Amino acid sequence: MTNEAMEDPGISSRERDTRFMENSCCTHFCLGPNPFIARYVYAILFLLASLLAWAIRDYGRSAISAFRRLKACHGARYCLGAEGVLRISFGCFLFFFVMFLSTAGTKKLDDRRNSWHSEWWPAKIIMWMGFMVVPFFIPTAFIQLYGKIAYLGAGAFLLIQLVSVISFITWLNDYCRSKKNVKTCRIQVLVLSIAAYVASILGIVLMYVWYAPKPTYRLNILFITLTLVLLQFMTFVAVLSKVKEGFLSPGLMGLYVVFLCWSAIRSEPQTEIWNQKAQAAASADWLTIMSFVISVLAMVMATFSTGIDSKCFQFKKTEAESEDDVPYGYGFFHLVFAMGGMYFAMLFIGWNAHKTMQKWTIDVGWASTWVRIVNEWLATLVYVWMLAAPLVWKSRRQVEST
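The structure presented is a predicted model; accordingly, all values stated were derived computationally and were not measured. Throughout this document, residue positions are counted from 1 along each chain, in the order its sequence is written. Where totals are concerned, whole chains, interfaces and linings use all residues; where local detail is concerned, this predicted model gives features only for residues with pLDDT of at least 70, and gives and counts side-chain atom pairs only at 80 or more. Side-chain calculation: all heavy atoms of the structure are included, whereas hydrogens and water are not.

### Quick word on the packing of aromatic side chains
The condition that has to hold: Only Phe, Tyr and Trp rings take part, Trp by its six-membered ring, and two of them pair if their centres are within 6.5 Å. Stacked means planes under 30 degrees apart, edge-to-face means over 60, and tilted covers everything else. Relative accessible area decides the class of each residue, using a 1.4 Å probe on protein chains only: under 20% of the type maximum gives buried, over 50% gives exposed, and in between gives partly exposed. For helices the rule is a DSSP run of H or I covering at least 4 residues; for strands it is a run of E covering at least 2, with both sets numbered from the N terminus onward.
Scanning the model with the defined rule gives 25 aromatic pairs in all. Centre to centre, the rings of Phe 95 and Phe 96 are 5.0 Å apart; their planes meet at 80°, and the pair counts as edge-to-face. Judged by its relative accessible area of 0%, Phe 95 is buried. Take Phe 96: its relative accessible area is 0%, and that puts it in the buried class. Between the aromatic rings of Phe 259 and Trp 262, the centroid separation amounts to 6.1 Å while the plane-to-plane angle is 35°, which identifies the pairing as tilted. Taken together, the residues span about one helical turn, with Phe 259 and Trp 262 both in helix 11 (residues 248–266) at a distance of three residues.

Structure follows, in structure tokens:
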């Protein structure tokens, strides 16, 4: 990549990342550390930790004889189920937090910490395996304390993920509406906007049919109706004359909040009347397993995509990027994965350490439902604030100047 391209103010940070990857992948694939390959290896380790936590929760009783040898397990009772998930989660958190401490602040590719982040895999795999084992020797009281802290870490992860999603949507909208691309992307923007709105309205209609077929299902009706109101509110704010954001970004945000509402209702306990029909449709073992696998993979992909999106959390302008800069923030990447370790624990225990989860279930329970709903409402507030903030700051500057 040329220095002119790097210093061109018309090129966004995401475009620079793409060009950097295209030029540096070939350079670093065979020679020296490769941070692009490294992030996929970390994602695989994160996935393995998630699957191990699930196996301990659902099938750990088959290993009960081995757990009885560990004093901290009190006859294996506290190393299975929800607490077993928390122990694996704690090991995953420790691994990525150590990586965060050892890579935070890495700026250049010739930094020794870049080599530690992208290489030394035998040592790091041994370290990862050690962190998976050590928590089973830790007293139960400490693990329960970690479980309480994990609520905060998982909540922070959801907030970071939310900001990352909204940042991508606004970036895509700005990219398509820029002077350079406004003519070439006009048809694509129109089609995508219409498709997003149609899919959002269709999703709301289907939720009314599936989850609120009778007036007695008041809570689901409330959730779905509020989602429809939020969709209209975001569109209204986006098309205001002072904002002029267009229909693409509120349409995509509509899809996002509809998905959050759907996932919240799907997280309601299976014993609830309005959810019985939907659960009966998913009674087949293969469908239940498929839904579980998709949920786990979606969680890993969300953690991965959020971890590499450190640019949207930089509040200060940085100097022009050069070819020897790291392609993404290593410290932020590992910190997101550390909080993701807390997040998958909350999903596997339904945000309730004292609840017994059924096999092949994930993120089920009233606590899970309200976490999703609050996340939906918060996403709307953050999106509207990102649209209104430039106007607020502009008006303040005008008042101060006068």
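### Notes on the environment of Ile 201
Definition in use: Residue contacts follow a heavy-atom distance rule, with two residues in contact if any of their heavy atoms lie within 4.5 Å.
Following the sequence through the fold, Ile 201 ends up in helix 9 (residues 186–211). The spatial distance from the C-alpha of Ile 201 to the C-alpha of Leu 255 is 8.9 Å, given a sequence separation of 54 residues. Ignoring sequence-local partners within four residues, the contact set of Ile 201 consists of Leu 228 and Leu 231.

### A closer look at helix 9
Put simply, the rule reads: Between the first and last residue of a helix there are one fewer steps than residues, each counted as 1.5 Å, and that sum is the expected span.
Given a rise of 1.5 Å per residue, 26 residues ought to cover 38 Å, and the 37 Å separating the end C-alpha atoms of helix 9 matches this to within 8%. Those residues of helix 9 not exposed but buried are Val 189, Ser 193, Ala 196, Tyr 197, Ser 200, Gly 203, Ile 204, Met 207 and Tyr 211.

### Brief notes about the packing of helix 8 (residues 140–177) against helix 14 (residues 330–349)
The description of two packed helices rests on the angle between their axes and on the distance between the axes. To keep it simple, the criterion reads: The convention used is that axes are lines fitted to C-alpha atoms, helices contributing only their stretch in contact, and that angles between N-to-C directions extend from 0 to 180 degrees. Geometric relationships in this document are graded by angle, where less than 35 degrees denotes roughly parallel, more than 145 denotes roughly antiparallel, 65 to 115 denotes roughly perpendicular, and other angles denote oblique. If you view the pair so one helix is near and one far, a crossing is left-handed when the near helix is turned anticlockwise from the far one by less than a right angle, and right-handed when it is turned clockwise. Residues are sorted three ways: Asp, Glu, Lys and Arg are charged, Ala, Val, Leu, Ile, Met, Phe, Trp, Tyr, Cys and Pro are nonpolar, and all the rest, Gly among them, are polar.
Contact pair helix 8 / helix 14: the axes reach a minimum separation of 7 Å and the direction vectors enclose 120°. Taken together, the axes of helix 8 and helix 14 are oblique relative to one another. Where helix 8 crosses over helix 14, the handedness of that crossing is left-handed. Mapping the contact onto sequence places Tyr 146, Gly 147, Ile 149, Ala 150, Tyr 151, Gly 153, Ala 154, Ala 156, Phe 157, Leu 158 and Ile 160 in helix 8 and Phe 332, Val 336, Met 339, Gly 340, Met 342, Tyr 343 and Met 346 in helix 14. Looking at side-chain class alone, the contact of helix 8 with helix 14 contains 15 nonpolar, three polar and no charged residues.

### Some remarks on the pattern of salt bridges
Where we set the bar: For salt bridges, the criterion is a side-chain nitrogen of Lys or Arg within 4 Å of an Asp or Glu carboxyl oxygen.
Enumeration over the complete set of coordinates arrives at three salt bridges. Among the salt bridges present, the one from Arg 87 reaches Glu 83, with a minimum N-O distance of 2.9 Å. With Arg 87 and Glu 83 both in helix 5 (residues 81–103) and four residues apart, this pair spans about one turn of that helix. Note on accessibility: Arg 87 and Glu 83 belong to one class, buried.

### Details of the environment of Cys 92
Residue placement: Cys 92 occurs in helix 5. A relative accessible area of 0% means that Cys 92 is categorised as buried. Sequence separation between Cys 92 and Leu 45 is 47 residues, and the spatial gap between their C-alpha atoms is 8.8 Å. Setting aside anything within four residues of it in sequence, one finds Cys 92 in contact with Phe 46, Ala 49, Met 132, Gly 341 and Phe 344.

### Let's talk about a nonpolar patch on the surface
To be explicit about the condition: Think of a patch as exposed residues, more than 30% relative accessible area, with no salt bridge, where like charges cluster within 9 Å and nonpolar side chains (Val, Leu, Ile, Met, Phe, Trp, Tyr) cluster within 5 Å. Reported accessibility uses the Shrake-Rupley method at a 1.4 Å probe radius. Residues are deemed covered only where the shown protein chains occlude them.
The grouping of Ile 201, Leu 202, Val 205, Leu 206, Val 209 and Trp 210 at the surface amounts to a nonpolar patch, some 520 Å² of accessible area in total. Structurally, Val 205 is set in helix 9.

### Side note on the confidence of the model for the protein
For clarity, the threshold we go by: A residue's pLDDT is the confidence the predictor assigns to it, expressed on a 0 to 100 scale.
For the protein, the mean per-residue pLDDT works out to 79, and 76% of the residues sit at or above 70. Within the protein, helix 1 (residues 3–7) has the poorest average pLDDT of any element, 43, and helix 7 (residues 121–133) the best, 94. Note on residues 1–10: pLDDT is under 50 here. Beyond four places in sequence and across chains, it has 15 contacts. Taken together, the stretch residues 280–284 has pLDDT below 50 and engages in five contacts with residues farther than four places along the chain or on a different chain.

### A short note on the packing of helix 9 against helix 10 (residues 218–238)
The N-to-C vectors of helix 9 and helix 10 enclose an angle of 165°; their axes lie 9 Å apart at closest approach. Classified by the angle between their axes, helix 9 and helix 10 sit roughly antiparallel to one another. Here helix 9 runs over helix 10; the crossing is left-handed. Across the interface between the two elements, Tyr 197, Ser 200, Ile 201, Ile 204, Met 207, Tyr 208 and Tyr 211 of helix 9 pack against Asn 220, Ile 221, Ile 224, Thr 225, Thr 227, Leu 228, Leu 231 and Thr 235 of helix 10. When the residues that make up the contact of helix 9 with helix 10 are grouped by side-chain class, the tally is ten nonpolar, five polar and no charged.

### Overview of the side chain of Asn 34
Heads up, the rule is: The definition of a polar contact used here is a pair of N or O atoms within 3.5 Å, where within protein one atom must be able to donate a hydrogen and the other to accept one, and adjacent residues in sequence count solely through side-chain atom pairs.
Looking at the secondary structure, you find Asn 34 in the loop between helix 2 (13–30) and helix 3 (35–59). With a relative accessible area of 7%, Asn 34 lands in the buried category. Within polar-contact distance, the side chain of Asn 34 engages the backbone nitrogen of Phe 36 at 3.0 Å.

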